[in-house]
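The primary structure of each chain is shown beneath.
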Amino acid sequence: MAIGYRKYLSLLALGMTSSASITLAFIKYTYYDAWVTGMQCTNEEAGWIMAVYGLSGSLSYVPGGWLADRFSIKKILLITLVASAAMNFICAAWPSARIFGIHIGYPIWFGQAMVSGFALWAAMLKGVRLCGQPEEQGKMYGIYGAAEGLFTATILFIAWIFFSRALGATDDQAAGQIAGLSTVVNSYGVFSLLTAVVVLFCYDDPKRTDDDEEPFRIRELGSIIKNPAIWYVAVMVFCTYGLYTSYSYFAPWMTEVLGIPEEESVFLSIFRTAIIALIVGPLAGALADKVKSSSKVILVGHILAVALLVVLTTMPLDDSRKSMCVFLMYALTVLMYATFLIMYSTFTELNIPARITGTAIGFVSILGYSPDVVVNPLFGYFMDTYG
């Protein structure tokens, strides 16, 4: 466990790593319209690209979790960040006038699954858990989520400036979107390399504890599968992530339904995906520690989210209600991040041993992140068919 200020530096480095590793994979959360244009695909085809990402990641989580339990977390972070930077530069520099094209969409997003999933995901979350004591797990995950939000907001705002300039430099919207997207992805690559430097100097691998004296053995996988607590967390992550991935479609909803210009929509999406996480993460973590139950906070958050979704989907949409729709979108985002950012703090609440954290996260992630395989193609089909 890191001591004193070093554990907070470690949390900042982990949050920065999380931000750097998923910016390309989840680019649709902010630049959905430009991404679809650059990929030269329909909404349903874009959904299948994300389904490949989700399925590939699901298949990699258990072996990746095992690696996170056996090897240095710091080395896993550094290797992954360098690979992420390389993938960003390759994607941005692809031939044919820098047009991405669906022909590289599948391999690139498969590669992203290996970068942001596999060993990295379990290693990051295990690193967060081992930064703090059992009674401060909500705080640790809250700070980690805030750090992710801070660095995500920073890189997204910088990339948004590049995107806006490229969009305004030509009257051809499609060409502007593609040129802007290329500069955005290049900036993501630079950010990944900078993050690797931060991890090298600021992240401390946790020292072994009594609980970690005997490393996880592959034959113990059966005991993980039979553990009811693991299944409880898996179902909770499934529900929470299902809401999270669905919220990405607020980006095209703002442009196509509310009629908000794309440049303004991107700005609102950055605030939705980064600034709110920065604010909500520590508050949700502190609340979970105060009530001594992350599960209760997550349950109440889901109940309130369902109520707001009912209001939003049944409310007539017209110009006079546009501001109310945006307000409800942000209120839903607050609840989404309040549940999403603390969901893995339930590992301590449910007494899941720290030494098996990586493998347990890998198993949980198979079910927990499966909504990517279904939600994205389904929503894409709905958008292409019904508008």
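Preceding block: the structure.
Only a predicted model underlies this, so the values are computations on that prediction, with no experimental measurement involved.

Novice: Before we go on, may I ask you to explain the overall build of the protein in this structure?
Specialist: The secondary structure content of the protein amounts to 17 helices and zero strands. Against the globule reference of 21 Å for 387 residues, the protein gives a C-alpha radius of gyration of 20 Å, in line with a compact fold. Viewed in the frame of its principal axes, the protein has a C-alpha envelope of about 65 × 45 × 40 Å. The buried share among the 387 residues of the protein stands at 58%. Across the protein, contacts joining residues at least 24 apart in sequence account for 86% of those joining residues at least 6 apart. Counting only carbon and sulfur atoms, one obtains 70% of the accessible surface of the protein, whose full area is about 15800 Å². The averaged location of the 27 negative side-chain charges in the protein is 11 Å from the averaged location of its 23 positive side-chain charges.

Novice: Is there a simple way to think about the packing of helix 10 (residues 228–247) against helix 17 (residues 371–386) in this case?
Specialist: Packed helix pairs are specified by the crossing angle of their axes together with the interaxial distance, meaning the distance between the axes. At a minimum axis distance of 10 Å, the contact between helix 10 and helix 17 shows a crossing angle of 30°. The angle between the axes of helix 10 and helix 17 places the two elements in the roughly parallel class. As for the relative orientation of helix 10 and helix 17, their crossing is right-handed in sense. Packed against helix 10, whose contacting residues are Phe 238, Tyr 241, Gly 242, Thr 245 and Ser 246, the element helix 17 presents Pro 371, Asp 372, Val 375, Asn 376 and Phe 379 at the interface. The class makeup of the residues in the contact of helix 10 with helix 17 is five nonpolar, four polar and one charged.

Novice: Please clarify how the packing of aromatic side chains should be interpreted in this entry.
Specialist: Any pair of aromatic rings gets described here by the distance separating the centres and the angle formed by the planes. All told, the structure shown has 26 aromatic pairs when counted by the stated rule. Note on Phe 157 and Phe 267: the rings are 5.6 Å apart at their centroids and 55° apart in plane angle, and the pair reads as tilted. In this pair, Phe 157 is assigned in helix 7 (residues 137–168) and Phe 267 in helix 12 (residues 262–291), connecting sequence segments 110 residues apart. Aromatic side chains Tyr 241 and Phe 340 sit 6.4 Å apart centroid to centroid with 35° between the ring planes, which places their arrangement in the tilted category. With a gap of 99 residues between them, Tyr 241 in helix 10 and Phe 340 in helix 14 (residues 322–340) connect regions that are remote in the sequence. Summarising the burial analysis for this pair, Tyr 241 and Phe 340 share the class buried. Among the aromatic residues, those joined into a ring-pair cluster are Phe 26, Tyr 29, Tyr 53, Tyr 61, Trp 121, Tyr 241, Tyr 244, Tyr 337, Phe 340, Tyr 344, Phe 347 and Tyr 369.

Novice: Would you mind going over the pattern of salt bridges with me for this structure?
Specialist: Between side chains of opposite charge, a pair can form when the charged atoms approach closely. Overall, the coordinates contain three salt bridges when judged by the stated rule. When the shortest N-O distance is used, the salt bridge between Arg 6 and Asp 204 registers 2.8 Å. In this pair, Arg 6 is assigned in helix 1 (residues 5–22) and Asp 204 in the loop between helix 8 (173–202) and helix 9 (221–226), connecting sequence segments 198 residues apart. Exposure remark for Asp 204: the relative accessible area of 27% places this residue in the partly exposed category. With a shortest N-O distance of 3.1 Å, Glu 136 and Lys 7 are connected by a salt bridge. Pair noted here: Glu 136 is in the loop between helix 6 (118–129) and helix 7 and Lys 7 is in helix 1, with a separation of 129 residues, a long-range link. The exposure classification of Glu 136 matches that of Lys 7, with both residues buried.

The rules behind each value
- Every chain is numbered on its own, with residues counted from 1 as its sequence reads.
- Residue-level local features of this predicted model are given only where pLDDT is at least 70; pairs of side-chain atoms are given and counted only at 80 or more, and the full residue set underlies all totals for whole chains, interfaces and linings.
- The side-chain figures draw on all heavy atoms in the structure; neither hydrogens nor water molecules are used.
- Helix and strand definitions follow DSSP, with helices as H or I runs of at least four residues and strands as E runs of at least two, each counted in order from the N terminus.
- Atoms counted for the radius of gyration: C-alpha only. Globule rule: 2.2 Å times residue count to the power 0.38.
- Residue burial is assigned from relative accessible area. The probe radius is 1.4 Å, only protein chains are included, and a residue is buried under 20% of its type maximum, exposed over 50%, and partly exposed in between.
- In this analysis, two residues are considered to be in contact whenever any of their non-hydrogen atoms come within 4.5 Å of each other.
- To measure how exposed things are, a 1.4 Å probe is used in the Shrake-Rupley method; for residues, cover is taken only from the protein chains shown.
- Neither His nor the chain ends is counted toward charge; the positive residues are Lys and Arg and the negative residues Asp and Glu.
- To locate a charge, take atom NZ for lysine, CZ for arginine, CG for aspartate or CD for glutamate.
- Only C-alpha atoms enter the line fits that serve as axes; for helices the fit covers just the stretch in contact. Angles between N-to-C directions range over 0 to 180 degrees.
- For classification, angles of less than 35 degrees are called roughly parallel, those exceeding 145 degrees roughly antiparallel, those between 65 and 115 degrees roughly perpendicular, and all remaining angles oblique.
- Working rule for handedness: look at the near helix, and if it is turned counterclockwise from the far one by less than a right angle, call the crossing left-handed; if clockwise, right-handed.
- Residues are grouped as follows: nonpolar covers Ala, Val, Leu, Ile, Met, Phe, Trp, Tyr, Cys and Pro; charged covers Asp, Glu, Lys and Arg; every other residue, Gly included, is treated as polar.
- Working definition: rings of Phe, Tyr and Trp (its six-membered ring) pair if their centres are within 6.5 Å, and the pair is stacked with planes under 30 degrees apart, edge-to-face with planes over 60 apart, and tilted otherwise.
- Here a salt bridge means any side-chain nitrogen of Lys or Arg lying within 4 Å of a carboxyl oxygen belonging to Asp or Glu.

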